[in-house]
Amino acid sequence: MTVGQRVALWIRVPEFPIELFNDQFLWRLGSTLGEMLKIDKVTSIQARGCFARICVAIDLDKPF
């Protein structure tokens, strides 16, 4: 059995509605892409306004 290669990526979600700037929703969004690692602190306090940033670990051995 081989161990999959993974990479951590920061994903920027543009044009993000302010009402969806909550940790629960962002965590669910990131989990659909891979293993959710963290939410940008500036995003979590809603200081950015028009986009959110999340960090997700992606398995490079699986199709995206």
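Going by the structure above, here's the rest.
First, a word on scope: everything that follows refers to the structure included in this document. (Residues numbered from 1 in each chain as written. Predicted model: local features only at pLDDT ≥ 70, side-chain atom pairs only at ≥ 80, totals over all residues. Heavy atoms only, no water.)

**Some points on the overall build of the chain**
And step 1. In terms of helices and strands, the chain carries two helices and three strands.
And step 2. Its helices and strands in sequence order give the chain the pattern β-α-β-α-β, from N to C terminus.
And step 3. In the chain, the proportion of contacts linking residues at least 24 apart, taken out of those at least 6 apart, comes to 60%.
And step 4. Counting only carbon and sulfur atoms, one obtains 57% of the accessible surface of the chain, whose full area is about 4,700 Å². (Helix = DSSP H or I, 4+ residues; strand = E, 2+ residues; numbered from the N terminus. Contact = heavy atoms within 4.5 Å. Areas by Shrake-Rupley, 256 points an atom, 1.4 Å probe, with all protein chains shown as cover.)

**Quick word on the environment of K38**
And step 1. Within the fold, K38 resides in strand β2 (residues 35-39).
And step 2. Exposure remark for K38: the relative accessible area of 43% places this residue in the partly exposed category.
And step 3. Separated by 11 residues in the primary sequence, K38 and W27 place their C-alpha atoms 8.0 Å from one another. (Buried < 20%, exposed > 50% of the residue type's maximum accessible area, 1.4 Å probe, protein only.)

**Some thoughts on the pairing of strand β3 (residues 51-59)**
And step 1. Among the nine residues of β3, seven are classified as buried, and the element is accordingly described as predominantly covered.
And step 2. Pairing of strand β1 (residues 6-14) with β3, which is carried by nine bridges, proceeds in the antiparallel orientation. Of the residues in β3, the one forming a bridge with V7 is I58.
And step 3. Bridging between β2 and β3 involves four bridges; their strand directions are antiparallel. For I39, the partnering residue across the bridge sits in β3 and is I54. (Pairing = 2+ DSSP bridges.)

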